[in-house]
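Per-entry structural report
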Amino acid sequence: METIRHSTARIRDQKRNKNLISNRLKALRLARRLSQRALAEKLQVMGYDMDKNVIMRIETNRRFVSDIELKAFCLFFKVTYNYLIDGIQEEKDTNSQKN
């Protein structure tokens, strides 16, 4: 009988980071003068189950980020996914605004 071994794939970038948002998340948090605990508490009030350890592990690249967590950060900081992931700030289209 043949034994099949499954390898556990670990997704990381070339620098072995576990997420793409760590630096921008920390910068956004510090710009609002929030501690990791304070940010976690505000996200909990919004209905997201995060504690300060989750924030700390994301900011130090020791944890992957779920899609729900990514959405929570975008809503709280009022930024786009593109900004949080790639640092791309999208400009508002002033021509499409109604007068």
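We now turn to the structure provided with this report. These figures come from a predicted structure and were not determined experimentally.

Brief notes about the overall build of the chain
A count of helical and extended segments in the chain gives five helices and zero strands. Of the regular secondary structure in the chain, the N- to C-terminal order runs α-α-α-α-α. Considering the chain as a whole, with its 99 residues, one finds that 27% of them fall into the buried category. Taking as baseline every contact in the chain between residues at least 6 positions apart, the subset at least 24 positions apart corresponds to 52%.

Describing the packing of aromatic side chains
Two measures describe an aromatic ring pair: the distance that separates the ring centres and the angle between the ring planes. Under the definition given, this model contains one aromatic pair. With a centroid separation of 4.9 Å and 85° between ring planes, the pair formed by F76 and F77 is classed as edge-to-face. Between the NZ or CZ atom of R32 and the centre of the ring of F76, over which it lies, the distance is 5.1 Å.

Digging into the pattern of salt bridges
Under the counting rule described, the total for this entry stands at two salt bridges. The salt bridge partner of E59 is R29, with a shortest N-O separation of 2.6 Å. Placement of the pair is E59 in helix α3 (residues 52-59) and R29 in helix α1 (residues 22-31), with a sequence separation of 30 residues. The two residues E59 and R29 agree in class, both being buried. Residues R63 and E69 are paired through a salt bridge, measuring 2.8 Å at the closest nitrogen-oxygen approach. Residue classification places E69 among the buried residues on the basis of a relative accessible area of 9%.

Some thoughts on the packing of α1 against α3
Running from N to C, α1 and α3 point in directions that differ by 125°, and their axes come no closer than 8 Å. Judged on the interaxial angle alone, α3 and α1 are oblique. Across from S22, L25, K26 and R29 in α1, the residues of α3 making contact are I55, I58 and E59. Here the contact of α1 with α3 is composed, by residue class, of three nonpolar, one polar and three charged.

Some thoughts on the side chain of E69
For E69, the position within the fold is in helix α4 (residues 67-77). If sequence neighbours within four positions are ignored, E69 has contacts with M50, V54, I58, R63 and F64.

Scoring rules and cut-offs
All residue numbers refer to positions counted from 1 along the written sequence of the respective chain. Side-chain atom pairs in this predicted model are given and counted only at pLDDT of 80 or more, local residue features only at pLDDT of at least 70, and totals for whole chains, interfaces and linings cover all residues. Working from all heavy atoms in the structure, the side-chain values ignore hydrogens and water. Per the convention used, a helix needs a DSSP run of H or I reaching at least four residues, while a strand needs a run of E reaching at least two, with both numbered from the N terminus. Note on classification: 1.4 Å probe, protein chains only; a residue is buried when its accessible area is under 20% of the maximum for its type, exposed when over 50%, partly exposed between these limits. What makes two residues a contact is simply this: any of their non-hydrogen atoms within 4.5 Å. Pairs were defined over the aromatic rings of Phe, Tyr and Trp, the Trp ring being its six-membered one, requiring ring centres within 6.5 Å. Orientation was assigned from the angle between planes: stacked under 30 degrees, edge-to-face over 60, tilted for the rest. Remark: a charge is flagged as sitting over a ring if the NZ atom of Lys or the CZ atom of Arg is within 6 Å of the ring centre and within 35 degrees of the ring normal. The salt bridge definition used is simple: a Lys or Arg side-chain nitrogen within 4 Å of an Asp or Glu carboxyl oxygen. Think of each axis as a best-fit line through the C-alpha atoms, taken over the contacting stretch in the case of a helix, with angles from 0 to 180 degrees between the N-to-C directions. An angle below 35 degrees is treated as roughly parallel, one above 145 as roughly antiparallel, one from 65 to 115 as roughly perpendicular, and anything else as oblique. Polarity classes work like this: nonpolar for Ala, Val, Leu, Ile, Met, Phe, Trp, Tyr, Cys and Pro, charged for Asp, Glu, Lys and Arg, and polar for all others, with Gly in that last group.

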